[in-house]
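Below, each chain spelled out in residue letters.
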Amino acid sequence: MTSHTATTLTVGALSAGPGTKVRGSVRAELGTLTTDIPLALINGSRPGPRVVITAGVHGGEFTGIDAAHRLADRLDPEQVRGQVLLCLVANPPAVYNGRLGTSPLDGVNINRVFPGDPEGSPTERLAAWLFENIVEDADAYIDLHAGRIDEFLRNFVGYRLTGDPELDAKTATMARVVGHEDVILGLNADGGNSHAAAARRGIPAILVETGQLGERDPQAAEGLVAALLRVLDFLNGDDVEPRPVTEWLWVGFVASEAIGLWYPEFTPGTDVTEGQVIGRVVDPADGREHEVRATATGRVFYGMRGLTVLPGTDLAAIAAPR
Ligand SMILES: [Zn+2]
């Protein structure tokens, strides 16, 4: 791991010398999209790794954004070792316009297209900008998410195995230091999640899911701040006790086959059996019911709470013990 000290931390026009903290925004000029990304650069007066934390990759996921803001306020560059680069709102169009998981500009879920494409759609260009300017030079990366306004969710930490035993072991410990009881692994680092793309570059990277349903619970945000401080201590070599966790693998996703009104018969944390009816979609035109069945046996970690769904709307995500 690189030791970042006595070097200036710079993103675009924002820069923080050693021992200083700077908050502001950096304009991303992407041709088809211009947007201002709020950042906090905390450049410690002591050596240590560069830790990157992103929040607001999706809209409507408030706990992470709230916690990132609280952490930016609280971190004192005199006390910080290494550098902490906080990106408080990574995806302003999705966060501010509609508070959605997809961008209103192009309908793209940015967390499916990392490391992005500088010649692509507005959201693909934003992913490329974020990856190049924020994520790529990290020594460790934490991406903060929550259940969206219409999504219930049981807290968990996610990460991907890369096949590099040293990297995977470090990431596993980072995940356990967070303090959420459940850790959900991916068996490879494929795909467009920002933490997967970072893992492919050899960066220990975790996804931290905290809170649900657009809640803005100060206690949950403070709990997440404490978790992030523990991870920072661990990354600086302190003796931080990893918490006991249960490890899970994703085994099934359930999408709606019909348009209509969704009546779930589970909550996050409910154990389901493959084939079990987990809810019904009712056609408001004729009152006809479509049964929705679990596609796998395991525990539901997140699902749709909103009443109105379309064909293809994600209804439930199921994981099984590893
Ligand atoms: Zn999210």
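Please read all numbers here as calculations on a predicted model, not as lab measurements.

Cut-offs used in this document
- Residues numbered from 1 in each chain as written.
- Predicted model: local features only at pLDDT ≥ 70, side-chain atom pairs only at ≥ 80, totals over all residues.
- Heavy atoms only, no water.
- Helix = DSSP H or I, 4+ residues; strand = E, 2+ residues; numbered from the N terminus.
- Rg over C-alpha atoms; globule rule 2.2 N^0.38 Å.
- Buried < 20%, exposed > 50% of the residue type's maximum accessible area, 1.4 Å probe, protein only.
- Contact = heavy atoms within 4.5 Å.
- Areas by Shrake-Rupley, 256 points an atom, 1.4 Å probe, with all protein chains shown as cover.
- Lys, Arg positive; Asp, Glu negative; His and termini not counted.
- Charge placed at Lys NZ, Arg CZ, Asp CG, Glu CD.
- Core = buried A, V, L, I, M, F, W, Y, C linked by side-chain atoms within 4.5 Å.
- Donors = N, O, S within 2.8 Å, 3.2 Å for Na, K, Ca; no water.

Before going further, it helps to examine the overall build of the chain. If you tally the helices and strands in the chain, you get six helices and 19 strands. For 322 residues, the compact-globule estimate of 2.2 N^0.38 gives 20 Å, and the chain sits close to it at 20 Å. Structurally, the chain occupies a C-alpha span of about 65 × 45 × 35 Å along its principal axes. Counting all 322 residues of the chain, 53% fall into the buried class. Sequence separation of at least 24 residues holds for 72% of the intrachain contacts in the chain that already meet a minimum separation of 6. Accessible surface, the chain as shown: approximately 13500 Å² in total, 47% of it carbon and sulfur. Here the chain holds 27 positive side-chain charges and 42 negative ones, and the gap between their average locations is 3 Å.

Bringing the nonpolar core into the picture now. Of all hydrophobic cores here, the largest spans 42 residues; its most connected members are Ile53, Leu86, Ile142 and Ile206. Ignoring anything within four residues of it in the chain, the contact list for Ile53 reads Leu71, Val84, Leu85, Leu86, Cys87, Ile142, Leu144 and Leu228. Counting residues in hydrophobic clusters, the runner-up holds 31 residues, among them Leu30, Leu126, Leu130 and Val135.

What follows covers the coordination of the zinc ion. A four-donor tetrahedral metal ideally has 109.5 degree angles, and a six-donor octahedral metal ideally has angles of 90 or 180 degrees. Around the zinc ion, the donor atoms from the protein are His58 (ND1), Glu61 (OE), Glu61 (OE) and His145 (ND1), and they sit 2.1 to 2.3 Å away. As a motif over one chain, the donors of the zinc ion read H-x2-E-x83-H. Taken as a pair, His58 in the loop between strand 5 (46–54) and helix 1 (62–74) and His145 in strand 7 (residues 140–145) lie far apart in primary sequence, 87 residues in all. With relative accessibility at 5%, the residue His58 sits in the buried group.

Everything listed here is a matter of geometry and, on its own, says nothing about what the molecule does.
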